[in-house]
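Chain and residue survey
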Amino acid sequence: MKIFYKNFDINDQVRSAFVCVEDTTWDCLTKPSSIIILRDDNTETSVKEILAAGLSELAKEYHIVIVFPNPIENGWNFNIAPGKVDDVAFLKTIHENIRKGILGPEWKVMNDVNYLMGIGQDSCAMATTFITLHPELIAAVALVGGNNIPSTITHSMGAPMPALLADCSNGFINYYKALNNTDTIEMSKDALTVYVDSTHPFHKVTIINGEIQKLTGGLVRKIWFDLFYQVRRINTSPKGNICRRIHVEECRFEKHLNDCSLGDNNGIPHSWLEHVPQVVLDNPTKPVPLLIFSHGATDNPMIAADMSKWHEIGEREGFITVYPLASNGINYNLNLDPDYPSDVDFYLALIQYLKNKYVIDSSRIYISGFSNGAGMAHVMCLLHPEIFAAAAPFDTMWPYVKPGPFAPDKFNLEKNLKTITIGLELQKKYNYRMPIWYVYGTREFEYPITKGSGQQYQYDTWKKYNNIAVLPTPEKPLDSEYSIGVEGETIEIIHPCPEYPEYKYSIHKFYSLDGHKDYYNFVLAHGKGHEVHYVDAELAWQFISRFSRNLDGSLNDSKMGN
C-alpha cells in the first residue's frame, strides 16, 4: 500500500494523519470502505506495524482506505477538556474528507461503510467519545486495550454501535453492552463471548478476553470479517440505523466493465451489473420479469446494489436485476442535453441486449432508482411508457425546478421540464397509465413540501398522467405529521421493521377518476434522510409487481383481477 502524510486545518491548528490506499484506483463496479485507526503515538513506524498485521492485504482485497489520525504530544483529548485541542472536530474533518475523497474524488467512500478502531488506552477512550457523540458517522467500532471510559459521556447520549472489544476493561464492556441494548449471550467459548440485542441481530458486542501484546493477523481478520464486513449504517434516522451489507463475492453478479457491445451513442463503453436468479438459470426458457435500478449521482452500480438489494428480491421472486452506470460515469442526462451522451438511448439498447440474451417477459419490465437515478426512472417512464409496467423511484428532487449546488449558472427550468412536456403529450395521444410507488423522507432536502418544489412538479405530473385530481399545493406546510403538500385520499400507516419498530411510513394513496385505481402512491418515510432504507425495495415490489403492460399499452392489475 501507499502511505501518504496529510495535514488538516482544525480551528487554526494544523493536525496530521497518515493515509493508506491501494496502489491502483478502483473501477466503477467497486464499493470501497474506510477504517479510521487511532493509536497512542504519532509515528509512521506504528502505522507500518499495524498494516503488517494483515491490514494491508485486506485493504487490497476489499478496497479499504485506512487513515491514521495522529494525536498531539499530550495524547487524545477524550474528555473534551476546555482549552485543549478539539479532537472530536479533528475526527469529524477526517470523516468528511473520506466521504469526499481524502486524496482526491477517485478515493471517495460512502457514509454507510466507515469504521473506527482504537488501539491503546487513550485511543480506545477517544474512539468511544467520538462514536457516542457522532454515531451517525461510524458503522462499527473495534477496540484493543481499552481501560478507562471517558468521564464526560454516557451511553444514553449515543446510539447502538456494533463493537468488538479485545483486552478491554469491564467498564468498556458494560458501556458497549448498554449502548447496544444487549440482553442475550449469543455465544460463550473460551476467551470469546458475544452479546446481542435479541430484537436486532447486528446490535452485537464481541468480547475477547486476555492480554493482547500486539495486533495479530488473526485478530485483524476477525475484526474485518465478523464485524466491519457485516454492517452498514444508513441515514434513516438522525443517528443512523444499522443494517447488513452485501458480500460481493456471494452475489453472482455478471460484471460488464466498459462494454462497447450495445452500440448506442456511437458505440461508447458502458458498465453495469447483471444478476440472474437461480430459478432462471435452471429454467432459461421461461419468460421472466426484469427490473432496472439506477444509482444516485456520483454513486456506482455496486453501491446501488448494496443500497437497494433489489437483486436479493429478484433471487427470491424470480426476476432479473440490472444496475447500470450513467453514460458519463457520474449522473444521468435527465433533460436530454444533446451535448452529452443519451442515457435514454443507453437504456433502450441495454433492454434490447437483455431481451436478446434472456427470455424477458416484456409485459413485466420495471424500473427503480435512487436520487438522480430515481429521476432516470421518471424520465424513462415518461418517454417510453409502452416499455414499463410500473416504477419505484426513491428520493429525488427531479425535475430540479430550482438551481442547486451543481453548476447553478447552467440552470434552465424549461430544459429540465422537457421530459414532462413530452411525456404528457404522449399520454394524451395514447391514454397511458403509469403506476408509481414513490418514497421520500422527512429529513430530505425538499421536506416539508410546499408550492414550487420539485416534489410538487413531480406529483402533479403523475396525477395528470394517471387521471387523478390535481389540487393546489399550499405555499406553507400543512400542520400535520403526515403532510406531503397535498395529502392522499387515504393514508395508511405501517411499521414494517421488526428491528426498528418505531420506524414508520405513511402511504398517501391517490386514486384515478376513472376506476378509482391507486396508480400514484407517495410513501413518506418518517425520519429518513437522503438514503434507501432496507425495506424500501421490499415495499415497492409488493406494489409494482401487481402490474403488467399489454401490447396495446393498457395495464393489467392482479389486485383488480384483470
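The structure we're discussing is the one just above.
My aim in this report is to walk through the structure given alongside it, one point at a time. (Residues numbered from 1 in each chain as written. Predicted model: local features only at pLDDT ≥ 70, side-chain atom pairs only at ≥ 80, totals over all residues. Heavy atoms only, no water.)

A word on the sheet that holds strand β20 (residues 490–494). Read across the open sheet, the 10 strands follow the order β13-β14-β16-β15-β17-β18-β19-β22-β21-β20; overall the sheet is mixed. Where the open sheet ends on each side, the last strands, each with one partner, are β13 (253–259) and β20. Neighbour-to-neighbour, the strand axes of this sheet turn through a mean angle of 20 degrees, independent of strand direction. Here strand β19 (residues 436–441) runs beside strand β22 (residues 520–525); their pairing, made up of 6 bridges, is parallel. By the bridge assignment for β22, Tyr440 is matched with Leu524. Set on the sheet, helix α8 (residues 310–317) makes contact with β13, β14 (270–275), β15 (288–294), β16 (320–324), β17 (360–370) and β18 (390–394); between it and β16 the angle comes to about 165 degrees. Taken strand by strand, helix α10 (residues 372–383) contacts β15, β17, β18 and β19, and its axis lies near 145 degrees from that of β17. (Pairing = 2+ DSSP bridges. Helix = DSSP H or I, 4+ residues; strand = E, 2+ residues; numbered from the N terminus. Axes fitted to C-alpha atoms, helices over the stretch in contact; angles between N-to-C directions. Contact = heavy atoms within 4.5 Å.)

Here we come to the packing of helix α2 (residues 87–100) against helix α3 (residues 121–133). Where α2 contacts α3, the axes come no closer than 10 Å and their chain directions differ by 70 degrees. The angle between the axes of α2 and α3 places the two elements in the roughly perpendicular class. Contacts from Asp87, Val88, Leu91 and Lys92 in α2 reach Met126, Thr129, Phe130 and Leu133 in α3. Of the residues belonging to the contact of α2 with α3, the class tally is 5 nonpolar, 1 polar and 2 charged. (Parallel < 35°, antiparallel > 145°, perpendicular 65-115°, else oblique. Nonpolar A, V, L, I, M, F, W, Y, C, P; charged D, E, K, R; others polar.)

This part is about the packing of α3 against helix α4 (residues 170–179). Between α3 and α4, the least distance of the axes is 13 Å, while the angle of their chain directions is 15 degrees. When the axis of α3 is compared with that of α4, the two are roughly parallel. Seen from above, α3 lies across α4 with left-handed handedness. Contacts between α3 and α4 pair Cys124, Ala125, Thr128, Ile131 and Thr132 from the former with Phe172, Tyr175, Tyr176 and Leu179 from the latter. In terms of residue class, the contact of α3 with α4 is made up of 7 nonpolar, 2 polar and no charged. (Left-handed = near helix turned anticlockwise from the far one by under 90°.)

Now for the side chain of Thr396. For Thr396, the location among the structural elements is in the loop between β18 and α11 (413–416). Within the local environment of Thr396, its side chain forms a polar contact with the backbone nitrogen of Trp398, the two atoms lying 3.0 Å apart. Excluding anything up to four places from it in sequence, Thr396 contacts Ser371, Asn372, Ala374, Gly375, His378, Tyr438, Tyr440, Gln455 and Gln458. (Polar contact = N/O pair within 3.5 Å; in protein donor to acceptor, adjacent residues only side chain to side chain.)

Nothing here speaks to function; it is geometry throughout.
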